[in-house]
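# A structural walkthrough
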Amino acid sequence: PWGGKSVDDAFEMFIEDIIGKESMKQLRTTSFDDYLELMRNFEMKKRSVKPGKEGNTFLSVPLGLVQIVKNDKSRKSLEKAIENSPYAGKVTFENWKLKWKNENFLRFFEVTIRNIKAHLREILYDSDMTDVETILMVGGFAECEVVQNAVREHFKTKRVVVPEDAGVSVLKGAVFFGHVPDAISRRKARYTYGIQSWPSFNPAKHPENKKVEVNGKYRCKDVFFKYVTKGQVLTLGYEKAQIFQALNPKEKKLECAIYISDSRDPVFVDDPGCRRLGVLTIPLPDLPDGAAIELEESMIFGETELRFQAKDIFSGKSYEVQMDLLGDTVDEDE
């Protein structure tokens, strides 16, 4: 969430602090063209402002915004609204333009850049990333010299590369990937992936509040059974399978829930950072008393989707659910 949009958000909050929530709401609704013009003007300044350069930054203000503030009896004019705001002395309104000293204008970037640097530090100092020597900056925000300079200054031991047309690199990459899907041969798991399991209860290992009785045996509920660890390198089509027994073979169906976690080693599916990605419902066959139902449950990682399969070992019948790794469940098949 620390791209160019977060700088836009900081600017919008700045405008709202000056003209008030109601006037800002009116600008976005009844004067939407003026709102777009204001944000387009800011976008141009955001990309062209130079870090460390002395002088002033000017931003044209649309007539609609000036008129909205003028009609506000509590503020009367944009000049007075600025004087009565927390930004008095840091910005002025002259000749239909907002005027900042460059150092004050650059404060719109502060929080965003601080978060970008912190996020990059977290990634680069990971044990798997110690050999990374180059940072490649792409996307529209990569064209901003303020961001380029901040990254270069903070990571002086790394080579920072900003390609030509950095703003359309992501688009070109998406088109290329659409034509050549095997261009990306492997990727790192964004989350830890697993399922909910019910192992035998171990008082030395499991908390008492997770203890439940199933078919006369004590089990631990909500245990996160891990298939793939966050950060693990996955090749296209990577598959991992595990055989489980249905706890209650007399039930008509079994629900297998798939979970993801932000943690590398989640313990329970209701731990902080864990959430359910999807569920696969499997009809269970009628079997004689005492017979066990064994299921082979597999996760298969594709280009952008995860397939979760469950195969009844006795009958050979398979069931599958497919999930978008970027979103929600897509489809369920027999």
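Residues numbered from 1 in each chain as written. Predicted model: local features only at pLDDT ≥ 70, side-chain atom pairs only at ≥ 80, totals over all residues. Heavy atoms only, no water.

### Some points on the pattern of salt bridges
In this structure the tally under the stated criterion is 16 salt bridges. E153 is paired through a salt bridge with K156; the nearest N and O atoms lie 3.8 Å apart. Classification of E153 by relative accessible area gives partly exposed; the value is 46%. A salt bridge links D265 to K226, with the shortest nitrogen-to-oxygen separation between them at 2.7 Å. A residue pair is termed long-range when its members are at least 10 positions apart, and D265 in the loop between β13 (253-261) and β14 (274-283) and K226 in strand β10 (residues 223-228) qualify at 39 residues. By sharing partners, the salt bridges in this structure join D8, E43, K46, R47 and E143 into a single network. (Salt bridge = Lys/Arg side-chain N within 4 Å of Asp/Glu carboxyl O. Buried < 20%, exposed > 50% of the residue type's maximum accessible area, 1.4 Å probe, protein only. Helix = DSSP H or I, 4+ residues; strand = E, 2+ residues; numbered from the N terminus.)

### A word on the nonpolar core
F11, F14, L78, L98, W100, F108 and F109 are the most contacted members of the largest nonpolar core, which has 46 residues in total. Among the elements that take part in this core, helix α1 (residues 4-19) stands out by supplying six residues, more than any other. Contact partners of F14, with chain neighbours within four places excluded, come to Y87, V91, L98, W100 and F108. Grouped together as the second largest cluster of nonpolar side chains are 27 residues, Y191, F244, L277 and M323 included. (Core = buried A, V, L, I, M, F, W, Y, C linked by side-chain atoms within 4.5 Å. Contact = heavy atoms within 4.5 Å.)

### Things to note about the environment of G167
Along the chain, the position of G167 falls in the loop between β5 (159-161) and α9 (169-179). In the structure, G167 is positioned 122 residues away from K45 in sequence and 16 Å away in space, judged by C-alpha atoms. Residues within four places of G167 in sequence aside, it is in contact with G139, G140 and E143.

### Looking at the packing of aromatic side chains
In total, this model carries 18 aromatic pairs according to the counting rule given. Consider the rings of F225 and Y227, whose centres lie 5.8 Å apart with planes at 75°: the pair is edge-to-face. Classification of F225 by relative accessible area gives partly exposed; the value is 25%. Take Y227: its relative accessible area is 3%, and that puts it in the buried class. The structure contains a cluster of three or more aromatic residues connected by ring pairs, namely F11, F14, F42, Y87, W100, F105 and F108. The positively charged end of K210 is found above the aromatic ring belonging to F268, 5.0 Å away from the centroid. The ring of Y218 carries K211 above its face, with NZ or CZ at 4.3 Å from the centroid. (Phe/Tyr/Trp six-rings, centres within 6.5 Å; stacked < 30°, edge-to-face > 60°. Lys NZ or Arg CZ within 6 Å of the ring centre and 35° of its normal.)

### So, the sheet that holds strand β1 (residues 56-60)
Taking strand neighbours across the sheet as the criterion, the three strands line up as β1-β3-β2 in an open arrangement whose pairing is antiparallel. Of all strands in the sheet, those with a lone pairing partner are β1 and β2 (91-94), marking the two edges. Ignoring which end each strand starts from, the neighbouring axes of this sheet average 25° apart. As judged from the four bridges shared by β2 and strand β3 (residues 97-101), these two strands associate in the antiparallel manner. By the bridge assignment for β3, T92 is matched with K99. Along the sheet, α1 makes contact with β1, β2 and β3, crossing β3 at roughly 115°. (Pairing = 2+ DSSP bridges. Axes fitted to C-alpha atoms, helices over the stretch in contact; angles between N-to-C directions.)

### Section: a nonpolar patch on the surface
Residues L136, V138 and V170 make up a contiguous nonpolar surface patch of about 270 Å² in total accessible area. Note that L136 resides in strand β4 (residues 134-136). (Patch = residues over 30% accessible without salt bridge, like charges linked within 9 Å, V, L, I, M, F, W, Y side chains within 5 Å. Areas by Shrake-Rupley, 256 points an atom, 1.4 Å probe, with all protein chains shown as cover.)

### Digging into the packing of α1 against helix α3 (residues 32-48)
Contact geometry of α1 with α3 gives a least axis separation of 11 Å together with a crossing angle of 125°. With respect to α3, the element α1 is oriented oblique. The element α1 and its partner α3 pack so that their crossing is right-handed. Residues G4, V7, D8, F11, E12 and I15 of α1 form the contact with α3, whose own contacting residues are Y35, L38, M39, F42, E43 and K46. (Parallel < 35°, antiparallel > 145°, perpendicular 65-115°, else oblique. Left-handed = near helix turned anticlockwise from the far one by under 90°.)

### Here's the deal with empty space enclosed by the protein
Scanning all chains against the criterion turns up one cavity of 30 Å³ or more. If you trace the largest cavity, you find it lined by I15, I18, I19, L65, L78 and L98. Grouping the amino acids of the lining of the largest cavity by side-chain chemistry returns six nonpolar, no polar and no charged. (1 Å grid on protein atoms, 1.4 Å probe; cavity = no way out; pocket = protein on both sides within 12 Å on 5 of 7 lines; lining within 4 Å. Points joined across faces, edges and corners; volume = space filled by probe spheres on them. Nonpolar A, V, L, I, M, F, W, Y, C, P; charged D, E, K, R; others polar.)

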